[in-house]
Amino acid sequence: MTVIVIGGGPAGMMSAISSAKAGSKTILIEKNNRLGCKLHITGKGRCNITNNCEPALFIKNIVSNPKFMTSSIYSFTPKDTIEFFEKENLQLKTERGNRVFPASDKSQDIINCFSGLLKRLNVEVHLNETFRHFNYTSDKIDSVVTDKGTYAASSVILATGGASYKATGSDGYGYKIVQTIGHSVTQLKPALCPLIISSALAAGGAKIPLSQLKFPEGLSLKNAGFKVVDNINNKTIIEDFGEAIFTNNGMSGPVILTISSKINRLDISRLNLVIDLKAALTQERLDDRILRDFEQKKNKAFKNALAELLPLSMIEMMIALSGVAPEKKVNSITRIERQNLVKVLKSLTFHIEGLESIETAIVTAGGVSVVEIDPKKMQSKLICNLYFAGEIIDVDALTGGFNIQLALSSGYVAGTAAAKGAKNA
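Residues numbered from 1 in each chain as written. Predicted model: local features only at pLDDT ≥ 70, side-chain atom pairs only at ≥ 80, totals over all residues. Heavy atoms only, no water.

Peer 1: With reference to specific residues and values, describe the nonpolar core.
Peer 2: Counting residues in each nonpolar core, the largest one holds 76 residues, and the members touching the most others are F114 and F134. At ten residues, the largest contribution of residues to this core is made by helix α12 (residues 402-424). The residues contacting F114, other than those within four sequence positions of it, are M13, M14, I17, L39, F84, F85 and L408. Counting residues in hydrophobic clusters, the runner-up holds 55 residues, among them F226, L271, M314 and F350. (Core = buried A, V, L, I, M, F, W, Y, C linked by side-chain atoms within 4.5 Å. Buried < 20%, exposed > 50% of the residue type's maximum accessible area, 1.4 Å probe, protein only. Helix = DSSP H or I, 4+ residues; strand = E, 2+ residues; numbered from the N terminus. Contact = heavy atoms within 4.5 Å.)

Peer 1: How would you explain the sheet that holds strand β7 (residues 131-136) if you had to name every residue and give the values?
Peer 2: In sheet architecture, strand pairing relies on hydrogen bonds along the backbone and comes in two forms, parallel and antiparallel. Spatially, the three strands line up as an open sheet ordered β7-β8-β9, and their pairing is antiparallel. A strand with exactly one partner marks an edge of an open sheet, and here the two such strands are β7 and β9 (150-152). Going from strand to strand, the sheet's axes swing by 25° on average, the running direction of each strand aside. Both strand β8 (residues 141-146) and β9 contribute to a ladder of three bridges, which runs antiparallel. When the sheet's bridge partners are listed, V144 is paired in β9 with Y151. (Pairing = 2+ DSSP bridges. Axes fitted to C-alpha atoms, helices over the stretch in contact; angles between N-to-C directions.)

Peer 1: Kindly report on the pattern of salt bridges, identifying the contributing residues and their values.
Peer 2: Going through the model one piece at a time under the given rule, you end up with 18 salt bridges. One salt bridge in this structure joins D293 and R289, with 3.2 Å as the shortest N-O distance. One end of the pair is D293 and the other is R289, both in helix α9 (residues 283-296) and four residues apart, which spans about a single turn. Owing to a relative accessible area of 7%, D293 belongs among the buried residues under this scheme. Relative accessible area serves as the criterion here: at 22%, R289 is assigned to the partly exposed category. Across the salt bridge formed by E327 and K303, the nearest N and O atoms sit 2.7 Å from each other. One end of the pair, E327, is in the loop between α10 (312-322) and α11 (335-346); the other, K303, is in the loop between α9 and α10, with 24 residues separating them in the sequence. The class of E327 is exposed, set by a relative accessible area of 52%. (Salt bridge = Lys/Arg side-chain N within 4 Å of Asp/Glu carboxyl O.)

From the geometry alone we can't say anything about function, so treat these as descriptive.
So this is what it looks like as structure tokens:
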């Protein structure tokens, strides 16, 4: 009655813990020299372990296949996660947006908690050991083959992660393996990643390549409005509000990461990102504000009259997009030119070239098709003693601790079910 867990991330560790607690001999195989490599860097090393909200609200933050995850989230809720760590004497804290972190702000404390519990439950942890393939019949795995040996298995849990951050071990190998045994893998896409921008739209309608603009790399925007618009039919697809940052070739930050996960399966070539830099003001009130500013600076050149309206690093780009000559005196700016300035302030429009690579994305969208997995057990419908947990499944969520909770919930269900399956084998 041996349960073998492949992968030592949060899903794999929780799977092994749940299996061992259910009474099965459990072996955890991890190719890195330590557990939780990706977990270690999560949240800039602070590890946003879950989101302290009710299951119904949690499910609304799942982007791909939320219905599939309903049973798991209710089986092991965010509250259960908090109690799990507090029972291990790890203090947690809840911050803005219900984000839960270790009180120490150290992800290593989360990993140490997992490691200690695995040891106490007598889970065999094999580090520096690489999974190769399965020996299997038509519908059952007989053994697991690694670079160091072959292990007979009553049940197997595959928790090899996604295809993001390859340096942490998430190299997508698990996807290749499941395809060899008959499972389908939906198209992999980067999720929670920066956007790449190719051009901006001037007030007059002309597209200006980013290379011809002084792009304000490193500038942060706060309290701005964002929406993604289909440039073919002018339909608004997503609207959001919050913070973002200009990168060397596009944009990143909390709002942008959310947007990326909601558009990664769409035709990106049709999409524009529209930013309202003055979301707190209507167009009329913004126009009045500019009129007052211009009255006070009527003898200045246009380029020297915007310091109170815009960050300095953004002025040159906004002037170019407004179409107003930078040297033109403020007192000679026409009403139409002023309205063009209002237009670019309220609807700064960029064409989205694409998403950053899947290797740099926080999580991977896509994975083992949920149609082929029993959501109540995380059990394969094709291979009777194979179970799945974590990012390898075609499920992903927004930022805020939701993705790690998905790993923990699916790991809890998979480990418990795999142990029961091993006993009945």
